[in-house]
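Coordinates in review
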Amino acid sequence: MVAPSGRSLAATATHAGLKLFIAGCAGLFSYFVIAWLTSRFYDTFAKVYAGWAIIYPYGAEYKAPLLDSYDTFTVAMTWLPLLAAGLATLVLKNLPRDWVPRAWSRLRSRVRHVLSWQAPPRCFWTWWCGGMDVQDALVLAFVLALNAYYFAYYLQAYTNRVDAMLAAGIALPQSRSVYMTGRVALTFGIMMWPNLWLLFLPIPQSSFLQQLTGLDYSRMIRYHRWLGHITMVVLSLHGWLYYLYWAMAHEFWVEFSNWGTLSAINNLAGTLAYLFALVLWTTSIGWIRRRFFEVFYRCHVVCFIGFLLFACMHYYWSWSYFLPGLLLYAADLALRSGQLSNTTLVTASSVDEQAGVATLQLRASKSLGCPVRELFLLVPAISRWQWHPISVAGAQPDASGSGSVLTLHIKRYGRWTAELLRLLKHPRPLALRVSAPEAPSEVEWRGYQTLLLIGGGIGVTPLLRMLREIIAYRNSGKVEELPAHVHLIWACRDPRELCILDADTLAAALSGTGWLTIDLYCTAANALPAASKMEQEGSGKQHSPRDLTVKLEDSETASTDSQLAAPGAAKELKPARALLSSPMFHSFATAIQPQALGDVHLAVVLLLTFLGAWFGTVLGGAYVGETYTFYLSSSIPIPNTAYWKWGLVWFFTQTIMALAMPYVLAVLPVQAYRYWAQSAELLPLAPPSTSCQGHGAGCQLVGSSLVANGEAGLIISTGRPALRDAMVSAGKAAGTASEVGIFVGGPDAMTRAVQLEAAALNGAGPVHFAVHITAHAL
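Residues numbered from 1 in each chain as written. Predicted model: local features only at pLDDT ≥ 70, side-chain atom pairs only at ≥ 80, totals over all residues. Heavy atoms only, no water.

1. Quick look at the pattern of salt bridges
Applying the stated rule across the entire model yields 17 salt bridges. Lysine 93 serves as the salt-bridge partner of aspartate 599, at 2.8 Å between the closest nitrogen and oxygen. Of this pair, aspartate 599 sits in helix 24 (residues 599-633) while lysine 93 is found in helix 4 (residues 69-93), placing the two residues 506 residues apart along the sequence. For arginine 219, the salt bridge identified is with aspartate 133, shortest N-O distance 3.1 Å. (Salt bridge = Lys/Arg side-chain N within 4 Å of Asp/Glu carboxyl O. Helix = DSSP H or I, 4+ residues; strand = E, 2+ residues; numbered from the N terminus.)

2. Focus: empty space enclosed by the protein
Under the defined criterion, the tally for this structure stands at 1 cavity of 30 Å³ or more. Here the largest cavity defines a volume of roughly 30 Å³. Contributing to the lining of the largest cavity are Gln205, Asp332, Arg336, Phe376, Ser435, Pro437 and Gln595. Considering only residue class, the lining of the largest cavity consists of 2 nonpolar, 3 polar and 2 charged. (1 Å grid on protein atoms, 1.4 Å probe; cavity = no way out; pocket = protein on both sides within 12 Å on 5 of 7 lines; lining within 4 Å. Points joined across faces, edges and corners; volume = space filled by probe spheres on them. Nonpolar A, V, L, I, M, F, W, Y, C, P; charged D, E, K, R; others polar.)

3. Here we look at the packing of aromatic side chains
If you walk through the whole model with that rule in mind, you get 57 aromatic pairs. Seen in terms of ring centroids, phenylalanine 200 and phenylalanine 304 are 5.6 Å apart; in terms of plane orientation they differ by 65°. Their pairing is edge-to-face. Placement of phenylalanine 200 in the loop between helix 9 (192-199) and helix 10 (208-213) and of phenylalanine 304 in helix 15 (residues 293-314) is noted, with a sequence separation of 104 residues between them. Accessibility expressed as a relative area gives 4% for phenylalanine 200, which makes it buried. What makes phenylalanine 304 partly exposed here is its relative accessible area of 22%. Of note, arginine 183 hangs over the ring of tyrosine 179, and the distance from its end group to the ring centre comes to 5.1 Å. For the cation-ring pair, arginine 474 lies above tryptophan 515, with the distance from its terminal atom to the ring centre recorded as 4.4 Å. (Phe/Tyr/Trp six-rings, centres within 6.5 Å; stacked < 30°, edge-to-face > 60°. Buried < 20%, exposed > 50% of the residue type's maximum accessible area, 1.4 Å probe, protein only. Lys NZ or Arg CZ within 6 Å of the ring centre and 35° of its normal.)

4. Details of a nonpolar patch on the surface
Together, Ile285, Trp287, Phe292 and Val295 make up a nonpolar patch on the protein surface, roughly 370 Å² of accessible area in all. Looking at where tryptophan 287 falls in the secondary structure, it is placed in helix 14 (residues 286-291). (Patch = residues over 30% accessible without salt bridge, like charges linked within 9 Å, V, L, I, M, F, W, Y side chains within 5 Å. Areas by Shrake-Rupley, 256 points an atom, 1.4 Å probe, with all protein chains shown as cover.)

5. Side note on the sheet that holds strand 11 (residues 516-522)
Strand order in this open sheet of 8 strands is 14-15-16-11-10-9-17-18, and the pairing throughout is mixed. For this open sheet the edge positions go to strand 14 (700-702) and strand 18 (768-773), each flanked by a neighbour on one side alone. Averaged over neighbouring strand pairs, the angle between their axes works out to 25° when direction is ignored. Strand direction decides the pairing type here: strand 14 and strand 15 (residues 705-707), joined by 3 bridges, are antiparallel. From the neighbouring strand, leucine 701 faces strand 15, where its bridge partner is leucine 706. Sitting on the sheet, helix 26 (residues 723-734) touches strand 9 (450-456), strand 10 (485-492), strand 17 (739-745) and strand 18, and the angle it makes with strand 9 is about 160°. (Pairing = 2+ DSSP bridges. Axes fitted to C-alpha atoms, helices over the stretch in contact; angles between N-to-C directions. Contact = heavy atoms within 4.5 Å.)

6. Notes on the side chain of glutamine 361
Residue position: glutamine 361 is located in strand 4 (residues 357-365). Engagement of the side chain of glutamine 361 in a polar contact is seen with the side chain of threonine 407, the distance being 3.2 Å. The contacts of glutamine 361, once residues within four sequence positions are left out, are Val346, Thr347, Ala348, Gln396, Val405, Leu406, Thr407, Cys692, Gln693, His695 and Gly696. (Polar contact = N/O pair within 3.5 Å; in protein donor to acceptor, adjacent residues only side chain to side chain.)

7. So, helix 17 (residues 415-424)
Because an α-helix packs 3.6 residues into every turn, residues spaced three or four apart end up facing the same way. Listed as buried for helix 17 are Trp416, Thr417, Leu420, Leu421, Leu423 and Leu424. One side of helix 17 carries all its buried residues, which in axial view fall inside an arc of 160°. Packed against the buried residues of helix 17 are helix 15, strand 3 (343-352), strand 4, strand 5 (374-378), strand 6 (388-397) and strand 7 (403-411). (Arc of directions from axis to C-beta.)

8. A look at the packing of helix 8 (residues 176-190) against helix 9
Between helix 8 and helix 9, the least distance of the axes is 5 Å, while the angle of their chain directions is 20°. By the angle between their axes, helix 8 is roughly parallel relative to helix 9. Facing Phe188, Gly189 and Ile190 of helix 8, the residues of helix 9 in contact are Met192, Trp193 and Pro194. Of the residues assigned to the contact of helix 8 with helix 9, the class counts are 5 nonpolar, 1 polar and no charged. (Parallel < 35°, antiparallel > 145°, perpendicular 65-115°, else oblique.)

Next comes the structure, spelled out in structure tokens:
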């Protein structure tokens, strides 16, 4: 089969070679996770373990280790595969799209269909964990099998050891049941290795896994939650079985309160680590996370640091299972820390107090050319350290041509969002710090001839972004690979939420071309006002938004305007100017800057993060080598208290170096250069405009219709949409196409209903319904 022009077989071979290399890195990491327990592994790598130790220079005559062979080989087998795979993925992303035979494309599509098949009982799985398709089941089965393998291996090893001791006439220190209880408790501690190795891999947004697998961030977070639950169950069994073992041996208080004097393990530090982890786990439960986000957020940050700190003091080699995944997250943190010095302003905003919805627009730099689907906002006027993820509702070129304008829609839910809406109602400069992580380069809706977009409330925001992208592609003439049919179903409890729909999207639905259909629903009874006489007569007269809606904040805005005009207006602006001061002591604002200058810069940050962690490991190892040298030269046994101190030193050296090295060498210089070189993108210290443009110019509610520019609009239906009928209709519209892309963003109940209906329809006909969840919560 001949490749199309412009797509050479060499490019395809390069793609295949890089993907095989990345697969090899994943295989090497997995091999070490599985095989390092066995004696055969150490026999195979005997020469490595005999010669890879790094000797402390000042203790060479005593052969004092700076890092032993276990340290260096663990780094080589767990750190380097992740780093190499991450760098290779960045190279892969920048290669031209490869040509593949049609047969391979069909096979890949079939595999994707099989992996997305929902396992029964579907109602239970969707209620319990948001659904369980074949891919989810394989991931979960791998993790559970890994835990079962670790448990079975060590249980058998300890059982054989006890049998051998008894056969040789050696008495056990306790009865067999008590002794085996202690060995099982230790086994669950060893099982923390595979669980923590995997736990942190899905977290980073710059992770190569998301770019490589094509998984959306919501699914990555979902896997992180599952791994977190499994890890906490294993950790709880480790701790409580040890408490039981100490009680059975009549040594509970002696062992429980011991601060690392009886052995190399600091038991009290382990209990403190478990308490921190327990609070973190409890506050991560779904209903607590949704209702008390502030509690969840603070506990997640503080308790994780406490858990990591005391775990390293409990067992000094804890860094070996924490760091591989955390290093990918450390690169994220270094990039996000650079955004602390990027102060921007809200350039336009509007607040609908009755609906509790705010629309705000931000200026983005021309250098922010990467696709952005989500922003992390920090509002110093509310909190100087809380970052909140907000979906981008649309991006449009700036009128000046020097960048773009990003539109966000935010609904009042908790204290932070309520305070943000309150600040937006006051005409004063509102300073923000914005972190803009790069989204995967693959356009999620590409490849589908028919799209069904289902939104509930403000969860429709990512769906509006997709619609606006499609409209922009059509307006620019880029019609290749565009869907032929798009159907948006949007249901809201308050019909005023529908006003965030912009005039261009409404015009596309009313254009008569037939490619876009929009159905609007109001689910609350008697929430829609009666149709006005103008609407009944079909008048085309244009009306301003103030004629059509009543904004409850008008009186408050007017009173604030008069205050600003008074002689004391300067005092009103002082707090805003103070909040503009960034950690770099700049008192001016610029357009939003990207986290990284490009993939080369991202690769440098990733490389420096791993290199910094290695230097931190060596630096902490120098303290270990000095300890060995001192006690060996003094002919004094190394005290047990030295071990938890090694873990404490390693915690600080590795954390500081892994974060500081990429920040100081690769992030801070870039941010400083931007502030001095890009003066053309400075923003005036001015209150947000009250009139949003483009995507922010919402429609108006006229009776039971949504209109724009006073023209004919869309009728809003009362009740809930018939999702199954919509899917069947989309399947018919697909024609000969074998797949319909369903993107859903909204409350959990809506998402579950869509998943169940799609699962019931899949396999019943020639069309496959591929469901993608676009809205997620941390």
